[in-house]
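Residue-level structural notes
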Amino acid sequence: MTTEGDAGMTVDHAMRERRDRFEGGALFIGPGGLEGLSVSSRMSSPRPHHHRTLVATTTFGEMFATRIRSRHLHAERSRDRLDDPYAGYAQLGFVLSGRMQIEQGGRQSAIAPGSVSVLVGSLPFRTRIDDEAESIQLYVPLRLMRAHGYAPESWAGLTWGATPSAIALHELLRTVTSGTNPVPATSATHVGHALRELALAVLHEAADRVHAGYDARAMYRERAQAVIADRFADPSFDVAALAEELRVSPRYLHALFHGEDLSAGAQLRATRIRHAATLLAGVRTRDLTIAEVARLSGFGGDDQFARAFRRAHGITPSQYRAQHRSAAH
């Protein structure tokens, strides 16, 4: 990798000034710089000896943002690179200056300031900067999109005009990635929560206009399952509490699961039974009493637990534990 201090290479004053704006950023220059940048995508340039790229990445909990200023840079994420960690993210992109081209999923677009784009890391794509451009990419976990009813693959290569939430997210990203006033480590998680909610708001506002497979009912079902997974161990947690957590009526919650294999209440019971079965069969939890297993699995009492477990497995919790102990030997 060729950087500023290497013999025979110089950096113009404009790039020097821009680098100062990215605290902790790295400057990649020339053919060696292209090779150093070729991590998740293969980088090339029509003018490799004139290539300059400045990169700074900031992490905010489960999300991270990359700010890039580059000239003469082409990127191709090919199928042979799709098994890396970036395959689990979508890039929500904002151009700060200049123009860039993106291509994914049969869609080709020219991106300029004032627009939003999505590139999905689990699919091949190409990007191109012919002159010079500066952009910010917020990496959003694909599982987060799916958990809120969005099919990431249907968003591949999409672009749209800025919405109110996109403008707010753009400004926040511009501020927290500038390097002028770095976000303290103690605040990074909180900023990450704000970025997460704004990113979801951007997708929500764009869903209708881009026709990207948004399914509100699926979103609520996924959220319901996530809340169940988080709160099933609380014996006081029931379907009414789930509806309150989702801010929907119990009737609407029932309708959300109409036609599904399990109702919301049945999913809650099944989650508790699965957890109880894991504790009963586990080697490290073999000393737990049946009452303790019931309590840790969210059941209000031993009798309630025994009845529910027998309905699910056809045997009592004690018999289930005995079977798994004998099988282990």
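My aim in this report is to walk through the structure given alongside it, one point at a time. Position labels on residues start from 1 in each chain and follow its written sequence. Confidence filtering applies because this is a predicted model: local features only for residues at pLDDT of at least 70, side-chain atom pairs given and counted only at 80 or more, and all residues used for totals across whole chains, interfaces and linings. The side-chain quantities take in all heavy atoms of the structure and omit both hydrogens and water.

**Focus on the pattern of salt bridges**
Salt bridges are defined by distance alone: a side-chain nitrogen of Lys or Arg within 4 Å of a carboxyl oxygen of Asp or Glu. Following the criterion strictly, the structure yields 16 salt bridges and no others. Here Glu-76 and Arg-42 are joined by a salt bridge, their closest N and O atoms 3.3 Å apart. Of the two residues, Glu-76 is situated in strand β4 (residues 63–77) and Arg-42 in strand β2 (residues 42–44); the sequence distance between them amounts to 34 residues. Here Arg-126 ties to Glu-103 by a salt bridge, and the two come within 3.5 Å at their closest N and O atoms. Taken together, the residues span a long stretch of sequence, with Arg-126 in strand β9 (residues 125–141) and Glu-103 in strand β6 (residues 100–104) at a distance of 23 residues. A single salt-bridge network, built from bridges that share partners, covers Arg-67, Arg-69, Arg-71, Glu-132 and Glu-134. Starting at the N terminus, helices and strands are each numbered in turn, a helix being any DSSP run of H or I of at least four residues and a strand any DSSP run of E of at least two.

**A closer look at the packing of aromatic side chains**
Two aromatic rings from Phe, Tyr or Trp, using only the six-membered ring of Trp, form a pair when their centres are within 6.5 Å; if the ring planes differ by under 30 degrees the pair is stacked, by over 60 it is edge-to-face, and anything between is tilted. Per the stated rule, a full pass over the model turns up 10 aromatic pairs. Their ring planes at 70° and their centres at 5.2 Å tell us that Phe-64 and Tyr-89 sit as a pair that is edge-to-face. Of the two residues, Phe-64 is situated in strand β4 and Tyr-89 in strand β5 (residues 89–97); the sequence distance between them amounts to 25 residues. Residue exposure (1.4 Å probe, protein chains only): buried if accessible area is under 20% of the type maximum, exposed if over 50%, otherwise partly exposed. Owing to a relative accessible area of 14%, Phe-64 belongs among the buried residues under this scheme. Seen in terms of ring centroids, Trp-155 and Trp-160 are 5.6 Å apart; in terms of plane orientation they differ by 70°. Their pairing is edge-to-face. The pair Trp-155 / Trp-160 is uniform in exposure class, with both members buried. Of the aromatic side chains, those joined through ring pairs into one cluster are Phe-64, Tyr-86, Tyr-89 and Tyr-139.

**Brief notes about the pairing of strand β8 (residues 115–120)**
By the criterion of burial, β8 is predominantly enclosed, with six of the six residues buried. Of the two faces of β8, the one lined by Ser-115, Ser-117 and Leu-119 and the one lined by Val-116, Val-118 and Val-120 are each fully buried.

**A look at the nonpolar core**
Nine residue types can take part in a nonpolar core, namely buried Ala, Val, Leu, Ile, Met, Phe, Trp, Tyr and Cys, and a core is a set of them joined through side-chain atoms within 4.5 Å. Core analysis: the largest hydrophobic core is formed by 34 residues, its most contacted members being Leu-92, Leu-138, Trp-155, Trp-160 and Leu-169. Elements with a minimum of two residues in this core: β4, β5, β8, β9, α3 (142–147), α4 (164–176) and α5 (185–210). Here this core takes nine residues from α5, the largest share from any one element. Two residues form a contact once any of their heavy atoms are found within 4.5 Å. In contact with Leu-169, not counting residues within four places along its chain, are Leu-92, Phe-94, Leu-138, Leu-195, Leu-198, Ala-199 and Val-202. Core analysis: the second largest hydrophobic core is formed by 16 residues, Tyr-220, Ile-228, Ala-243 and Val-248 among them.

**Points about the side chain of Ser-297**
By the element assignment, Ser-297 lies in the loop between α10 (290–296) and α11 (302–313). Setting aside anything within four residues of it in sequence, one finds Ser-297 in contact with Phe-232, Ala-233, Arg-272, His-275, Ala-276 and Leu-279.

**Things to note about the side chain of Ser-117**
Along the polypeptide, Ser-117 turns up in strand β8. The exposure class of Ser-117 is buried, given its relative accessible area of 8%. Among residues more than four places away in sequence, those in contact with Ser-117 are Gln-91, Leu-92, Gly-93, Ile-102, Ile-111, Leu-158 and Thr-159.

**Regarding the pairing of strand β3 (residues 52–60)**
Examined bridge by bridge, strand β1 (residues 26–29) and β3 share four bridges and lie antiparallel to one another. Considered in β3, the bridge of Phe-28 is made with Thr-53. In this scheme, strands are said to pair when DSSP sees at least two bridges between them. Note: β3 against β4, nine bridges, orientation antiparallel. Pairing of Thr-53 across the sheet is with Ser-70, part of β4.

**A few points about helix α7 (residues 239–246)**
Among the residues of α7, those classed as buried are Ala-241, Leu-242, Ala-243 and Leu-246. We define a polar contact as two N or O atoms separated by no more than 3.5 Å, with the added condition that, inside protein, one atom must be a possible hydrogen donor and the other a possible acceptor, whereas residues neighbouring each other in sequence contribute only through side-chain atom pairs. Two or three places before Ala-240, at the start of α7, stands the capping residue Asp-238, its side-chain oxygen 3.2 Å from that residue's backbone nitrogen. Positive phi shows up at Arg-247, right after α7, with a value of about 60°.

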